[in-house]
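Now for the letters of each chain:
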Amino acid sequence: MLLSGVLIVDATDRLGWLAGRVLADLGADVVKLEPPGSDRSRAEWRAFNVNKRILEIDPQAAGGLSRIEELLRAADICLLTPPASIAGTRLDPLALRRDYPRLVVVAIRPFGGLGPRSTWRASDIELMAAGGAMALAGEPDGMPVRVSEPQSYGWAGAHAAIGALVALVRRDATGRGDLVDVSAQASVIAALSHAPAFVDLLGVEPTRAGTFMTGRSIKGARYRVFWPCRDGYINFIFYGGAAGRRTNEQLVAWMRQSGAELGGLAAIDWKSWDPTKADQAEVDAIEAPVAKFFARLTKREFLTEGHRREMLGYPVATVADIASDPQLEARGFFQTVAGSAERFCGSFAVIDGERPPLRHHPGAKFSAAPPSVAGPSATARPCAGARGGEKP
Amino acid sequence: MSAVAQALAGLKVLEFGGYAAGPHIGKVLANFGARTIHMESKERPDGFRIQYPPFKDDRPGYNRSGCFAFFNDSKYSVTVDLKKPAGVALARRMAQWCDLIIENMRPGVMERLGLGFSALAERNPRLVMLSTCNMGQTGPRSDQPGFGSQLSALAGMCELTGVPEGPPMLLYGPYIDYIASLLGASAALAGVIRSRQTGEGALIDLSQYECGLVFMGAALQEFFAGGRVPSRCGNDDPVAAPHGAFPCHDRQWVALSCWSDDDFAALARAIGEGNLAGEPRFATAPARRANSRALDAVISAWTGQRSAEAAAIALQAAGVAAYPVVSMAGLFSDPQLRARRQFRVRRHPEMGDHAYCYPGFDLAEAPGDIVGPAPCVGADNDFVFRDLIGLSEAEYDSYRQHGVFD
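Residues numbered from 1 in each chain as written. Chains lettered and ligands numbered in written order. Predicted model: local features only at pLDDT ≥ 70, side-chain atom pairs only at ≥ 80, totals over all residues.

## Observations concerning the overall build of chain A
No. 1: On a plain count of helices and strands, chain A comes out with 14 helices and 14 strands.
No. 2: Projected onto the principal axes, the alpha-carbon positions of chain A cover approximately 80 × 50 × 40 Å.
No. 3: Each of the 392 residues in chain A was classed as buried or not, and the buried ones make up 52%.
No. 4: A separation threshold of at least 6 residues defines the contact pool for chain A, and within that pool the share at least 24 residues apart is 67%. (Helix = DSSP H or I, 4+ residues; strand = E, 2+ residues; numbered from the N terminus. Buried ≥ 20, exposed ≤ 12 C-beta atoms within 10 Å, placed from the backbone. Contact = placed C-beta atoms within 7 Å.)

Structure, rendered in structure tokens:
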């Protein structure tokens, strides 16, 4: 495991759960602090807290706080979502930096720790709005929308994990920890691809993408992206270039072999066809027979045959489609934890030919003796000297 | 740039490939001090240089692409023609020099070029190599080509974007590629950390599809637990009500949400309708959801009288979560992002002054930076090959005569 021997204290709420999950998947030993009796049954909690161990902290009980302190003395990284507290215990990023000089403290906040709006409240929808993502999703003239499944926490957690490791690289070289300041708003900007560059370079404001591809034809034609099929939708676009040409040729061949009406498609020489020069009437003429053809297909038929023909395009998958995708099955993406049949998304990367197994069931207790330098986390370390604990 | 040594100073990164999924990783590492070399060729430059707008002054050119610049600041560019045996030989030499290789070619291409991990690791056993592609390096569909813009549909995000009665919606650009590049950056750094400790390299196989599913983890978990298949629900939320985007006087929108009855009472007071919270039709979240049309009309009447900024400021002052739906232009003027120096202007040799985007995090003691503008194609051949790789004059001339730098 790449991060074997790295001990992480995870004191985050929903905004930061993914960071610890990512680092756990890379092999770190992640201990999540939870108050006694907290709800660990929800799917969302289980998805992002599997592979961590839980340390129940009751600050009212004798020794509760000293257990956190002991753990922090041995830890390499502490993940926080200030000002969220753990059972009434506020872990202050600056105080942690002062007390544990080798510790990498990662503070994940909606708007970061600095700036005029650093104390503003936000949930996923405000963060997707604040980071620009909602401005780009929805009908061009309609209401901006978010992805119904919260994404901003993912963007924040993914950035936080990188920040933690950037600081850990430096800590290993210099002996000094650092304070990593993560802004979820700023993290969402990664979702926008290069859209902001249009404003900066040309003064052009990209708008919501809707369901059609626009801006490719000099005659203003728009290309369909989402096509109804028998059991949902297919994402398919008439592209140009070498990849588009092959796809278009293969689609027509597939339709011909299936006995489908070709209409305006039959006459097109794809070698010379250029999507940038087509007008709307031309585009409508080639799209009409395709719409009829796709309406007869299932999503899985399109996926399978499209792959066989090396075509671009994918079905618009539901979670049910994803859960039964043979590609994911072959790569062992969905995993169980020993002793339970519950399935989870496995570790996100395959390392040296193997997907690191999930080690801890969600809610597994961190039940070892109170951690110390000589405790279980230290003995697992390949280079104990490099990561030795310290007295604050 | 800070006088403090950057956190990743000394880390040597070499990139093969182009577009978004590979180069975005190297950019983030370069922002924190890694020396990142982007390898392309004059014959086949990075596709982002030529295939997609925007271009400076709307005039296409290898060194005029805003799309390329956005993901390649702070790097060095070298040109090596990998179709020539001497080019491959030079690439192998560079692979001995570096700590980390990031490549996003189609599966099998690096091996066919003689640049597969096992061949390179023989000479550089500490090497970490990250290979990122659509489907991953293995599996029945590993050979399937694809664009990130369409992969977001396969990974379930498009199905969950839009209103219930309408079709699925596009997400901008190759949305999923950036999930993979960010998770990939963590994996690459984890590989570097282990390599530095143990001397052992690593091969990281990153599937952009699988990375995207990480962001769908809760929906998948719910399906595994109870078979529920979620569908797009506009801006609704199962807990919060109201929860949505409301039109404002300035043709902008404001997003807001109430997560408790207290939140709603605060919102009602802030919009001058304090009595609403006491009405049975709005007293609880289920009641507010059942009467959402009437509630949305009341909120919209208020937001419609003011700008999105003013609405958000008033609601936040009342303790209600709210923010304008920030446009792309608005990102550059947003006071919070400005305070963080989210966009930083650097002078590009051909494009002049233009803005680069900083990552979503920073380090207090060893801050990163936009270290420099995106490089012009092959701009750093001399420096990289002579000063970093250590080619002699004779070697350098020989490569040039063989057309390796073309």
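## Some details on the pairing of strand β2 (residues 29-34) of chain A
Residue and element names in this part refer to chain A.
No. 1: Summarising burial for β2: 6 of the 6 residues are buried, a large majority.
No. 2: Because side chains alternate across β2, one face comprises the buried residues Asp-29, Val-31 and Leu-33, and the other comprises Val-30, Lys-32 and Glu-34, equally buried.
No. 3: Regarding topology, helix α1 (residues 17-25) serves as the crossover connection from strand β1 (residues 7-11) to the parallel β2, and that connection is right-handed.
No. 4: Bridge count between β2 and strand β3 (residues 53-56): 4 bridges; the pairing is parallel. Looking across to β3, one finds that Glu-34 is bridged to Glu-56. (Right-handed = clockwise from strand over helix to strand, strands pointing away. Pairing = 2+ DSSP bridges.)

## Things to note about helix α11 (residues 261-270) of chain B
Residue and element names in this part refer to chain B.
No. 1: Buried residues of α11: Asp-263, Phe-264, Leu-267, Ala-268 and Ala-270, and no others. Projection of α11 onto a plane perpendicular to its axis shows the buried side chains occupying an angular sector of 160 degrees, all on one side.
No. 2: Buried residues along α11 sit in contact with α12 (285-290) and α14 (308-317).
No. 3: Once α11 finishes, Gly-272 follows within two positions and takes phi at roughly 75 degrees, a positive value. (Arc of directions from axis to C-beta.)

## Points about the environment of Lys-83 of chain B
No. 1: With respect to the secondary-structure elements, Lys-83 of chain B resides in the loop between β3 (76-79) and α4 (85-97).
No. 2: The spacing of Lys-83 of chain B and Val-404 of chain B is 321 residues in sequence and 8.8 Å in space, taken between C-alpha atoms.

## Some details on the packing of helix α6 (residues 152-174) of chain A against helix α8 (residues 175-198) of chain B
No. 1: Where α6 of chain A meets α8 of chain B, the closest approach of the two axes is 9 Å, and the angle between their N-to-C directions is 20 degrees. Classified by the angle their axes make, α6 of chain A and α8 of chain B are roughly parallel. Our pair here, α6 of chain A against α8 of chain B, has a crossing hand that is left-handed. Between α6 of chain A and α8 of chain B, the contacting residues are Gly-154, Ala-158, His-159, Ala-161, Ile-162, Leu-165, Val-166, Leu-168, Val-169 and Asp-172 of chain A on the first element and Ile-179, Leu-182, Leu-183, Ala-185, Ser-186, Leu-189, Ala-190, Val-192, Ile-193 and Arg-196 of chain B on the second.
No. 2: Grouping the amino acids of the contact of α6 of chain A with α8 of chain B by side-chain chemistry returns 15 nonpolar, 3 polar and 2 charged. (Axes fitted to C-alpha atoms, helices over the stretch in contact; angles between N-to-C directions. Parallel < 35°, antiparallel > 145°, perpendicular 65-115°, else oblique. Left-handed = near helix turned anticlockwise from the far one by under 90°. Nonpolar A, V, L, I, M, F, W, Y, C, P; charged D, E, K, R; others polar.)

## Notes on the sheet that holds strand β9 (residues 226-229) of chain A
All names here are of chain A.
No. 1: Reading across the sheet, the 3 strands line up as β9-β10-β11 and stay open at both edges, with antiparallel pairing between neighbours. In this open sheet, the two strands that pair with only one neighbour each are β9 and β11 (314-315).
No. 2: Alignment of β9 against strand β10 (residues 232-235), held across 4 bridges, turns out to be antiparallel. By the bridge assignment for β10, Phe-226 is matched with Asn-235.

## Quick notes on the nonpolar core
No. 1: The biggest cluster of nonpolar side chains holds 261 residues, and the ones touching the most others in it are Cys-78, Val-106 and Ala-164 of chain A together with Val-254 of chain B.
No. 2: Looking at this core, the element that brings in the most residues is α8 of chain B, giving 14 residues.
No. 3: Beyond its immediate chain neighbours, meaning those up to four positions away, Val-254 of chain B contacts Ala-245, Phe-246, Cys-248, Thr-303, Ala-308, Ala-311, Ala-312, Ala-322, Pro-324 and Val-325 of chain B. (Core = buried A, V, L, I, M, F, W, Y, C linked by C-beta atoms within 7 Å.)

## Description of the pairing of strand β10 (residues 343-348) of chain B
Residue and element names in this part refer to chain B.
No. 1: In this sheet, strand β11 (residues 352-357) lies alongside β10 in antiparallel orientation, the contact comprising 6 bridges. Each bridged residue has a counterpart across the sheet, and for His-348 the counterpart in β11 is Gly-352.
No. 2: As consecutive antiparallel partners, β10 and β11 are separated by 3 residues.

## Observations concerning the environment of Ala-322 of chain B
Residues and elements named next belong to chain B.
No. 1: Position of Ala-322 relative to the elements: it lies in strand β9 (residues 321-324).
No. 2: Here Ala-322 falls in the buried class, since 29 other C-beta atoms lie within 10 Å of it.
No. 3: Along the backbone, Ala-322 and Ala-245 are 77 residues apart, and their C-alpha atoms lie at a distance of 9.4 Å.

## Re the domain arrangement of chain A
Many descriptions give the size of an interface as the accessible area lost when the pieces come together.
No. 1: For chain A, the domain assignment lists domain 1 (7-191 + 362-379) and domain 2 (212-316).
No. 2: Computed over C-alpha atoms, the centres of domain 1 of chain A and domain 2 of chain A are 44 Å apart. (Domains from an automatic or database assignment.)

## Brief notes about the interface of chain B and chain A
No. 1: Contacts between chain B and chain A engage 122 residues on the former and 117 residues on the latter.
No. 2: At 17 residues, the largest contribution of residues to the side of chain B that touches chain A is made by α8 of chain B.
No. 3: Residue composition of the side of chain B that touches chain A, grouped by class: 80 nonpolar, 29 polar and 13 charged.
No. 4: The sheet contact formed by strand β6 (residues 178-183) of chain A and strand β12 (residues 361-363) of chain B spans 3 bridges and is antiparallel. Across the sheet, residue Asp-181 of chain A finds its bridge partner in β12 of chain B, namely Asp-362 of chain B.

## A word on the sheet that holds strand β5 (residues 104-109) of chain A
No. 1: Spatially, the 7 strands line up as an open sheet ordered β3(A)-β2(A)-β1(A)-β4(A)-β5(A)-β6(A)-β12(B), and their pairing is mixed. Edge positions in the open sheet fall to β3 of chain A together with β12 of chain B, since each of these has one partner strand only. Across the sheet, the axes of successive neighbouring strands diverge by a mean angle of 20 degrees, strand direction being ignored.
No. 2: Pairing of β5 of chain A with β6 of chain A, which is carried by 6 bridges, proceeds in the parallel orientation. Within β6 of chain A, the residue paired with Val-105 of chain A across the bridge is Leu-179 of chain A.
No. 3: Each of β1, β2, β3 and β4 (77-80) of chain A is contacted by helix α3 (residues 64-74) of chain A, which is oriented at about 140 degrees to β1 of chain A, the strand it contacts most.

## Concerning unusual backbone geometry
No. 1: Between Pro-82 of chain A and Pro-83 of chain A the backbone carries a cis peptide bond, its omega angle lying at 0 degrees.
No. 2: With respect to the helices, strands and loops of the structure, Pro-83 of chain A is situated in the loop between β4 and α4 (93-99).
No. 3: Omega for the bond connecting Pro-53 of chain B with Pro-54 of chain B falls within 30 degrees of zero, at 5 degrees, which places this linkage in the cis form.
No. 4: By secondary structure assignment, the location of Pro-54 of chain B is in the loop between α2 (47-50) and α3 (66-70).
No. 5: Even without being glycine, Asp-57 of chain B reaches a positive phi, approximately 60 degrees.
No. 6: Mapped onto the secondary structure, Asp-57 of chain B falls in the loop between α2 and α3.

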